[in-house]
Amino acid sequence: MTLKERDKKHLWHPLTQHKLHPEAIAITKAKGCVLTDENGNEYIDAIASWYTCMYGHCNEFITNRVSQQMKTLDQVVFSGFTHKPAILLSEELMTILPQNQNKIFFSDNGSTSVEIGIKMALQYHFNKGDKRNILIAFEDGFHGDTFGAMSVSGLSVYNGPFEDFFLDVKRIPTPNGSNHDAILESLKEIAKSNTIAGFVYEPLVQGAAAMKMHNAEGLELILKFCKANNIITIADEVMTGFGKTGNYFASDYIHTKPDIMCLSKALTAGLLPMAITSCTQDVYDAFYSDDISKGLFHGHTYSANPLACTAAIAGIELLKSKEIQDNIQRVINSHKDFNNRIKNHPKVKSTRQTGIIFALDLNIEMERYGNLRDKLFSFFMSNGVFLRPLGNTIYILAPYVISEKQLEKVYKTIEDVLVTI
């Protein structure tokens, strides 16, 4: 039996209706920007496997470091113990995080990093004797699949059966340059009649909302309002973090920095699962007490796994290197050139770009997971390019190490698919 056939016996895949999509493509190896399936077919990974493998698959600089680490210390409980990889990683993160970030809390995926951020915000006020129970979030946001993260997410396609169990969340539009006054008025009205604990947001780019991009100046106004009203700000940089927007973090484009940041995906360069929720000293101090009940009682078995920490340290070293920074700028410029040649195509409704993230909307209405979307996906894969459309949005978020030749193949395949629809 092939791997594809064996897969059907026991496996349940994420975001998949198995009756409609019974088969999965079996990938047997990956290197750089190329995935290879069990039949020897190759695909350019133009979305870095959900925005994780930003330095390329099986990067030997990273795998060699992890290989050495696993011969010394593989796993140890992080409650009551510590270890060098975690300490080194915290020190390295402080060289690239916004300067107000000072404490690091480990977990294992992006959703749990947001869950912890929400719990920090709620307990921050509780510990100070100011119980607050309302959260603010953007419309169309996505923050993960655990209940707190789902609560602040606005995409009903993921949330439908669970909404009766959510935290209390008030939603506001993303700032677009012309609605800033209206958003601020809405915030004032919400604040009049609600005790707001925190604001959870994806800065500048909403990933699952089809790479919807918003205005930095408007976000700055929202964050200033939150600061003035003691509302804890939680930046979900799970997708945007570690160079994808052109800076280390999307929050670098905004003067008012978040109180809490949520990090995962490219944190470990796609090698191992891990997440981090960072926070300011002020947030941490609200939990620092002789009263044990004021501690943050949240923990994961694999918190600060030494191997994952080692992968993250190596990834940060690469991110800060001249080679990767030059590559990021090269990809940004290539996307700009591609935008100039595609933006006026009759089947393209609009285009947008932030850093290495490029997206275009097709001039056609279609379901997020409908037949036409499946047709686009099949076309891309049959032409050796792994792109995963979100409804009528085609986006590119490739590894920083992608070559110009590979990028051109991605661009050409997108142009070719427009002929078929």
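Notes on the structure in this doc start here. Quantities reported herein were computed from a predicted structural model and do not represent experimental measurements.

About the thresholds
Residues numbered from 1 in each chain as written. Predicted model: local features only at pLDDT ≥ 70, side-chain atom pairs only at ≥ 80, totals over all residues. Heavy atoms only, no water. Helix = DSSP H or I, 4+ residues; strand = E, 2+ residues; numbered from the N terminus. Rg over C-alpha atoms; globule rule 2.2 N^0.38 Å. Buried < 20%, exposed > 50% of the residue type's maximum accessible area, 1.4 Å probe, protein only. Contact = heavy atoms within 4.5 Å. Areas by Shrake-Rupley, 256 points an atom, 1.4 Å probe, with all protein chains shown as cover. 1 Å grid on protein atoms, 1.4 Å probe; cavity = no way out; pocket = protein on both sides within 12 Å on 5 of 7 lines; lining within 4 Å. Points joined across faces, edges and corners; volume = space filled by probe spheres on them. Nonpolar A, V, L, I, M, F, W, Y, C, P; charged D, E, K, R; others polar. Pairing = 2+ DSSP bridges. Arc of directions from axis to C-beta. Polar contact = N/O pair within 3.5 Å; in protein donor to acceptor, adjacent residues only side chain to side chain. Axes fitted to C-alpha atoms, helices over the stretch in contact; angles between N-to-C directions. Parallel < 35°, antiparallel > 145°, perpendicular 65-115°, else oblique. Left-handed = near helix turned anticlockwise from the far one by under 90°. Core = buried A, V, L, I, M, F, W, Y, C linked by side-chain atoms within 4.5 Å. Salt bridge = Lys/Arg side-chain N within 4 Å of Asp/Glu carboxyl O.

Description of the overall build of the chain
1) Next: Counting its regular elements, the chain contains 14 helices and 16 strands.
2) Next: What you see for the chain is a C-alpha radius of gyration of 22 Å, in line with the 22 Å of a compact globule of 421 residues.
3) Next: Judged by the C-alpha coordinates and their principal axes, the chain covers about 60 × 55 × 45 Å.
4) Next: Within the chain, the fraction of its 421 residues that count as buried is 52%.
5) Next: Put simply, of all contacts in the chain between residues at least 6 apart along the chain, 70% involve residues at least 24 apart.
6) Next: Total accessible area computed for the chain in this model is approximately 19,200 Å², and 52% of it derives from carbon and sulfur atoms.

With respect to the layout of surface pockets
1) Next: The volume enclosed by the largest pocket comes to roughly 1,400 Å³.
2) Next: In this structure, the largest pocket is lined by 32 residues; those nearest its centre are Pro14, Thr16, Ala24, Phe377 and Arg388.
3) Next: Contributions of two or more residues to the lining of the largest pocket are made by α1 (3-10), α2 (48-51), α7 (156-159) and α13 (371-382).
4) Next: In terms of residue count, the dominant contributor to the lining of the largest pocket is α13 (6 residues).
5) Next: Of the residues belonging to the lining of the largest pocket, the class tally is 17 nonpolar, 9 polar and 6 charged.

What about the sheet that holds strand β15 (residues 385-386)?
1) Next: Sheet architecture is open: 4 strands sit in the order β1-β2-β3-β15, paired in mixed fashion. Each edge of the sheet is formed by a strand with only one pairing partner; in this case those strands are β1 (27-31) and β15.
2) Next: As judged from the 2 bridges shared by strand β3 (residues 42-45) and β15, these two strands associate in the parallel manner. If you follow Ile44 over to β15, its bridge partner there is Val385.

What to know about helix α4 (residues 84-94)
Along an α-helix, residues three or four positions apart point the same way, because every turn accommodates 3.6 residues.
1) Next: By the burial criterion, the buried members of α4 are Pro85, Ala86, Leu89 and Leu93. End-on view of α4: buried residues confined to an arc of 95 degrees, all on one side of the axis.
2) Next: Among the structural elements, α3 (60-69), β4 (103-107), β12 (275-279) and α11 (306-319) are those in contact with the buried residues of α4.

Remarks on the side chain of Asn305
1) Next: Along the chain, Asn305 falls in the loop between α10 (281-285) and α11.
2) Next: At 3.0 Å, the side chain of Asn305 and the backbone nitrogen of Leu307 are in polar contact.
3) Next: Residues contacting Asn305, with those up to four places away along its chain left out, are Asp74, Gln75 and His83.

Let's talk about the packing of α4 against α11
1) Next: Across the interface, α4 lies against α11 with an axial gap of 9 Å and an inter-helix angle of 30 degrees. As summarised for this structure, α4 and α11 are arranged roughly parallel, according to the angle between their axes. As α4 runs across α11, the sense of the crossing is left-handed. Contacts from Pro85, Ala86, Leu88, Leu89, Glu92 and Leu93 of α4 reach α11 at Pro306, Cys309, Thr310, Ala312, Ile313 and Ile316.
2) Next: Of the residues assigned to the contact of α4 with α11, the class counts are 10 nonpolar, 1 polar and 1 charged.

What to know about the nonpolar core
1) Next: Core analysis: the biggest nonpolar cluster contains 98 residues, and Leu89, Phe199, Phe242 and Leu387 have the highest contact counts within it.
2) Next: The leading source of residues in this core is α11, at 10 residues.
3) Next: With near-sequence residues (within four places) excluded, Phe199 lies in contact with Ile136, Ala137, Phe138, Ile172, Leu219, Ile222, Leu223, Cys226, Ile231, Ile232, Thr233 and Ile234.
4) Next: Of all hydrophobic cores here, the second largest spans 22 residues; its members include Ala121, Val200, Cys279 and Phe287.

Looking at the sheet that holds strand β14 (residues 357-362)
1) Next: Spatially, β13-β14-β16 is the arrangement adopted by the 3 strands of the open sheet, whose pairing is antiparallel. Among the strands making up the open sheet, the edge pair consists of β13 (348-354) and β16 (393-396). With strand direction ignored, the average angle separating the axes of adjacent strands in the sheet is 15 degrees.
2) Next: Both β13 and β14 contribute to a ladder of 6 bridges, which runs antiparallel. Bridging across to β14, Arg352 finds its partner in Ala359.
3) Next: Strands in contact with helix α12 (residues 322-342) are β13, β14 and β16; relative to β14, the strand with the most contacts, it is inclined by about 15 degrees.

What to know about the pattern of salt bridges
A side chain with one charge may pair with a side chain of the opposite charge, provided their charged atoms come close.
1) Next: Taken as a whole, this structure holds 18 salt bridges when the rule is applied.
2) Next: Each of Lys4, Lys8 and Glu23 takes part in a single network of salt bridges with overlapping partners.

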